[in-house]
Amino acid sequence: MQNKVLILDFGSQFTQLIGRRVRELNIYSEIHPYNNPPKDISSFNAVILSGSPLSVRGNDVAHPELSEIKGKIPLLGVCYGAQYLAHFGGGNVSPSNTREYGRANLTYINENELLNKITVGAQVWMSHSDTIKELPDNSVKLASTDDVEFAAYKIEGEQTYAIQFHPEVYHTTDGKQLLENFLVHIAGLEQTWTPDSFVDTTVADLKEKLGDDRVILGLSGGVDSSVAAMLLHRAIGKNLYCIFVNNGLLRKNEFSEVLEQYEGMGLNVKGVDASARFLDELAGESDPEKKRKIIGRVFIEVFDDESHLVENAKWLAQGTIYPDVIESVSVTGGPSATIKSHHNVGGLPDYMKLKVVEPLKMLFKDEVRRVGASMHMAKSILGRHPFPGPGLAIRILGDITADKVKILQEVDAIFINGLKEWGLYDKVWQAGAMLLPVNSVGVMGDERTYEKCVALRAVESTDGMTADWVNLPYEFLQKTSNDIINKVKGVNRVVYDISSKPPATIEWE
C-alpha cells in the first residue's frame, strides 16, 4: 500500500486522534508502539511522534530508535515528540513554572510551509508540564505563544518538524491544515486512501492470503461482522461459511430477525441456538470480567463444534475493529493501560486449529460504515447501533438468569422501538438498557412493590473511544418510563444515565 504514515505511540491519550485526523485527509496511517516499531520503516512515507504522559528527563523515558527515520523520512514530533527531538538533539527541556494545559493562541509565526495558511492568533491546544528552553542543534523557531517561546520549530537540512501543541484535537482550530501541510505539501503524500480503495486493496489481500481455503465467520447482525462478511464474500465467495450464534443474550426476537436480514445478500448463513449452553455456563457468576471470559470461551467452543461440520475449514473470521484492539491490548502492545477485555480479541486456544483473519481490525466504526456504503449495503444494517459482543450479559449487573434476560429484553425493546418511533434512533450512536442489581420500593394499584430498577443509556460518539450522553426529550423519557413500568413485570423504577466517556464507559460492565 502506498502513502503510509507511521505514528509512533508514546502512550498519549490523543494518539488515536492523530490516526483519525490523518485518515480524514484520505491518507492511510498505522499506529505502532515506540518500543515495537515495524521492521520495514522504508515502507512508510512519513512519521509522526505522539505525545506522552512521560517526561524526557525521567528515568522511564521512552527512547525510540530513530536512526532509520530522522533525516531520511519526513518527521513530525508532537508535544513529547517535539521535546524528545530537542532533548536528545542538543537542546534543553526543563519543567514549566506552571503546567501548560488548555487553549493558547499563536503570537508569532515565522513564515514556513508547515504553518502555511495558518495565521497569528490561531488557537492551539497545549498539554504538557515540561517545556523546551533551547532548541536542538541546527534548528529554527517557527512559532510561539505568549507562554511557549518554541511552540514549533524545524531542523535545518532535514524534513524534520516539531510542535509543542496538539494538532489532532478539536481545540486546535487549524490542526487539520497543519497535518495536511506536513503530509501533502512537505512529505508529498497523495490523498488516495478512500473506502473504495480500501475495499479493492482488502479484497485483493484476502484473495492472496486465503486462496481456496474455507473460512468460518461469526455473524452478529451488527455493522462490523456484516461488512467483514461482504468483504470476504467478494474475495472467496462460496468458501465463506457464516454462522450466527444465539447466545441467549440477544435482544428480543433478534435471532430470527437477523437471519432474515441476511436473506438476499448472497451469504451462506447458518443459525445455531446455543442459548442454553451459554446460560448454564454463566449461572451464578457476577464478576463482569469473568462473564466476558466465559462468553468468549463458550463462543469459541461453539465455533469449534461448528468448524468440524465444515470440511477443511482453516480460518475463523472476526469483525474486530480498531477500538476493540486498542482497549484490549493497548494499541497493538503499546504503553497505554488496558481498560477491559473484548470477546473477539486475543487469539484462539491451542486446541482450535483455525487461523484468525480480521479484515477490519485497522478501521474505526465510522470508517467501517463508509466501507459498507461503498459496497452498497443496506442502510438498515449500516445504521444499526453498536451492540456488545457479550450481549445483555454486561447490561445485567450481577449474575445472569433466564428471567433477568427476559426482563431486560422487554425493557430494551420498548426503549429502542421508542427511539425509532420518535425519530431519535439515527440521532443516537448507541443506546441500551441496564438491569441493576437493586430492588426499590414502589406503589402499584395501592399495593407496595419491591422490584427491579433499570437504567437507560443513550450516547453520541464517532467511534466509541469517547462518548457523551444524549439529551433526549423529557416527553420521550416520560413515556418510555411509563411504558416500561406498566408493561414489564418486575420493574418499578427507571433512571437515565447522564455520564460521559471518560470517566464512565458506555457499557456498565
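Residues numbered from 1 in each chain as written. Predicted model: local features only at pLDDT ≥ 70, side-chain atom pairs only at ≥ 80, totals over all residues. Heavy atoms only, no water.

Engineer: Mind showing me how you'd approach the overall build of the protein chain here?
Structural biologist: Scanning the protein chain from terminus to terminus reveals 13 helices and 18 strands. For 509 residues, the compact-globule estimate of 2.2 N^0.38 gives 23 Å, and the C-alpha radius of gyration of the protein chain, at 25 Å, lies within 12% of that figure. Projected onto the principal axes, the alpha-carbon positions of the protein chain cover approximately 75 × 60 × 40 Å. Across the 509 residues that make up the protein chain, the buried fraction comes to 57%. Here the analysis covers contacts within the protein chain between residues at least 6 apart in sequence; of these, 74% occur between residues at least 24 apart. Accessible surface, the protein chain as shown: approximately 22,400 Å² in total, 47% of it carbon and sulfur. (Helix = DSSP H or I, 4+ residues; strand = E, 2+ residues; numbered from the N terminus. Rg over C-alpha atoms; globule rule 2.2 N^0.38 Å. Buried < 20%, exposed > 50% of the residue type's maximum accessible area, 1.4 Å probe, protein only. Contact = heavy atoms within 4.5 Å. Areas by Shrake-Rupley, 256 points an atom, 1.4 Å probe, with all protein chains shown as cover.)

Engineer: In this structure, what is going on with the packing of helix α7 (residues 275-282) against helix α8 (residues 288-307)? I would like to understand it.
Structural biologist: The packing of two helices is summarised by the inter-axis angle and the distance between the axes. Across the interface, α7 lies against α8 with an axial gap of 10 Å and an inter-helix angle of 145°. Between α7 and α8 lies a crossing of right-handed hand. On the side of α7, the interface is formed by Arg277, Phe278, Glu281 and Leu282, while α8 contributes Lys291, Ile294, Ile295, Arg297, Val298, Phe299, Glu301, Val302 and Asp305. Taken together, the residues of the contact of α7 with α8 break down into seven nonpolar, no polar and six charged. (Axes fitted to C-alpha atoms, helices over the stretch in contact; angles between N-to-C directions. Left-handed = near helix turned anticlockwise from the far one by under 90°. Nonpolar A, V, L, I, M, F, W, Y, C, P; charged D, E, K, R; others polar.)

Engineer: Looking at this model, I keep getting lost on the sheet that holds strand β11 (residues 240-246). Mind explaining?
Structural biologist: The strand order across the open sheet built from five strands is β12-β11-β10-β13-β14, with neighbouring strands paired in parallel fashion. Two strands close off the open sheet at either side, each with one partner strand: β12 (269-273) and β14 (355-357). On average, each strand axis in the sheet is tilted by 30° relative to the strand beside it, whichever way the strands run. Sitting on the sheet, helix α6 (residues 254-261) is in contact with β11 and β12, with an inclination near 160° to β11. (Pairing = 2+ DSSP bridges.)

Engineer: For this particular structure, what's the right way to read the pattern of salt bridges?
Structural biologist: Per the stated rule, a full pass over the model turns up 23 salt bridges. Linking glutamate 281 and arginine 297 is a salt bridge whose minimum nitrogen-to-oxygen distance equals 3.0 Å. With glutamate 281 in helix α7 and arginine 297 in helix α8, this pair connects stretches of sequence that are 16 residues apart. Since its relative accessible area comes to 34%, glutamate 281 is described here as partly exposed. Owing to a relative accessible area of 35%, arginine 297 belongs among the partly exposed residues under this scheme. With a closest N to O distance of 2.7 Å, aspartate 399 and lysine 404 form a salt bridge. (Salt bridge = Lys/Arg side-chain N within 4 Å of Asp/Glu carboxyl O.)

Engineer: What am I meant to see in the confidence of the model for the protein chain here?
Structural biologist: When pLDDT drops low, the exact placement of atoms in the prediction is not to be read closely. Summarising the model, the protein chain shows a mean pLDDT of 88, and 92% of its residues fall at 70 or more. Contacts for the low-pLDDT stretch residues 329-346, under 50 throughout, to residues beyond four places or in other chains number 57 contacts. (pLDDT = per-residue confidence, 0-100.)

Engineer: Before we go on, may I ask you to explain the packing of aromatic side chains in this structure?
Structural biologist: The geometry of an aromatic ring pair is captured by the separation of the ring centres together with the interplanar angle, meaning the angle of the planes. One pass over the full model with this rule turns up eleven aromatic pairs. Ring centres 6.4 Å apart and planes at 75° place the aromatic pair tyrosine 161 and phenylalanine 182 in the edge-to-face group. Residue tyrosine 161 is found in strand β9 (residues 160-163), and its partner phenylalanine 182 is found in helix α3 (residues 175-186); the two are separated by 21 residues along the sequence. The exposure classification of tyrosine 161 matches that of phenylalanine 182, with both residues buried. (Phe/Tyr/Trp six-rings, centres within 6.5 Å; stacked < 30°, edge-to-face > 60°.)

Engineer: For this particular structure, what's the right way to read the environment of glutamate 451?
Structural biologist: In this structure, glutamate 451 sits in strand β16 (residues 447-460). Not counting residues within four places of it along the chain, the set of residues in contact with glutamate 451 comprises Val438, Asn439, Ser440, Met444, Gly490, Val491 and Asn492.

Engineer: Hey, could you run me through the side chain of arginine 369 in this one?
Structural biologist: By the secondary structure assignment, arginine 369 is in helix α10 (residues 365-374). In this structure, arginine 369 is buried with no salt-bridge partner, the nearest side chain bearing the opposite charge being aspartate 366 at 7.2 Å. Residue contacts for arginine 369: discarding those within four places in its chain leaves Val223, Leu382, Gly383, Arg384, His385, Pro386 and Trp429. (Lys, Arg positive; Asp, Glu negative; His and termini not counted.)

Engineer: Even after reading the chapter, I still don't get α7, so can you show me in this structure?
Structural biologist: Side chains of residues three or four places apart in an α-helix project in the same direction, reflecting 3.6 residues per turn. If you check which residues of α7 are buried, you get Ser275, Phe278 and Leu282. Within α7, the buried residues cover an arc of 70° as seen down the axis, which keeps them to one side. Where α7 is buried, its residues contact β11, β12 and α8. Of the residues flanking the end of α7, it is glycine 284, one or two places downstream, whose phi is positive at about 85°. (Arc of directions from axis to C-beta.)

Engineer: How do you make sense of helix α12 (residues 402-421) when you look at a structure like this?
Structural biologist: Helix length check: α12 (20 residues) gives 28 Å between terminal C-alpha atoms against 28 Å at 1.5 Å per residue, within 8%. Positive backbone phi, approximately 70°, marks glycine 423, located one or two places after α12. (Expected span 1.5 Å × (residues − 1).)

Engineer: I keep staring at the side chain of threonine 15 and nothing clicks. Help me out?
Structural biologist: Mapped onto the elements of the fold, threonine 15 is located in helix α1 (residues 15-24). Threonine 15 gets classed as buried once you look at its relative accessible area, which sits at 0%. A distance of 2.8 Å separates a polar atom in the side chain of threonine 15 from a polar atom in the side chain of aspartate 9. Other than its neighbours up to four places away in sequence, threonine 15 contacts Ile7, Asp9, Ile31 and Ser50. (Polar contact = N/O pair within 3.5 Å; in protein donor to acceptor, adjacent residues only side chain to side chain.)

Engineer: Just checking my understanding: could you explain the pairing of strand β8 (residues 152-155) for this structure?
Structural biologist: Side-chain positions along a regular strand alternate between the two faces of the sheet. Side chains Ala152 and Lys154 project from β8 onto one buried face, and the interleaved Tyr153 and Ile155 project onto a second face that is buried too. Turn length for the strand β7 (residues 139-145)-β8 hairpin, with the two strands adjacent in sequence and antiparallel, is six residues. For β8 and β9, the ladder comprises four bridges, and the chain directions are antiparallel. Looking at β9, one finds that tyrosine 153 is bridged to alanine 162.

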